[in-house]
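# Examination of the molecular architecture
Here are the chains, one letter per residue:
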Amino acid sequence: MYRIVREENRLTGRVQYIIERKRTFLWMESWSRDLGLDIQQIGPVGAPNYDGAKWKMEEIMAWDGKMIKREIV
């Protein structure tokens, strides 16, 4: 399960939408910005607008976190 979180920096007025993944362990639940993708990335996955973050979240869910497509040519 994923969600999009809106973050606003009050000093700069910058808004960013961040994707988080739900994690469960026994009876505990938490949200993490580590999405477990097959690519190395510094920082959270997100976009400066909601539509961009929603598109990225749909791609992650559709491909189950496998963002790199490899094929033999």
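## Notes on the pairing of strand 2 (residues 15–25)
Summarising the sheet, strand 1 (residues 2–8) and strand 2 pair through 7 bridges and their orientation is antiparallel. By the bridge assignment for strand 2, Y2 is matched with R21. Hairpin connection, strand 1 to strand 2: the antiparallel pair is bridged by 6 residues, and G13 has positive phi, about 80 degrees. Examined bridge by bridge, strand 2 and strand 4 (residues 46–47) share 2 bridges and lie antiparallel to one another. Bridged to Y17 within strand 4 is A47. Where strand 2 lies against strand 3 (residues 28–32), 5 bridges are found, and the strand directions are antiparallel. Directly across from K22, in strand 3, lies its bridge partner W31. Taking the residues between adjacent antiparallel strands as the criterion, strand 2 and strand 3 are bridged by 2 residues, where L26 takes a positive phi near 55 degrees.

## Overview of the side chain of E20
Along the chain, the position of E20 falls in strand 2. A polar atom in the side chain of E20 sits 2.8 Å from the side chain of R3. There is a polar contact of 3.2 Å between the side chain of E20 and the side chain of R33. With near-sequence residues (within four places) excluded, E20 lies in contact with M1, Y2, R3, V5, W31, S32, R33 and L35.

## What about the pattern of salt bridges?
If you walk through the whole model with that rule in mind, you get 7 salt bridges. A salt bridge links R6 to E8; its shortest N-O distance comes to 3.4 Å. For the salt bridge of E71 with K69, the shortest nitrogen-to-oxygen distance reads 3.8 Å. By the burial criterion, E71 is exposed, and K69 matches it. A network of salt bridges, in which partner residues are shared, links R3, E7, E20 and R33.

The rules behind each value
- Residues numbered from 1 in each chain as written.
- Predicted model: local features only at pLDDT ≥ 70, side-chain atom pairs only at ≥ 80, totals over all residues.
- Heavy atoms only, no water.
- Pairing = 2+ DSSP bridges.
- Helix = DSSP H or I, 4+ residues; strand = E, 2+ residues; numbered from the N terminus.
- Polar contact = N/O pair within 3.5 Å; in protein donor to acceptor, adjacent residues only side chain to side chain.
- Contact = heavy atoms within 4.5 Å.
- Salt bridge = Lys/Arg side-chain N within 4 Å of Asp/Glu carboxyl O.
- Buried < 20%, exposed > 50% of the residue type's maximum accessible area, 1.4 Å probe, protein only.

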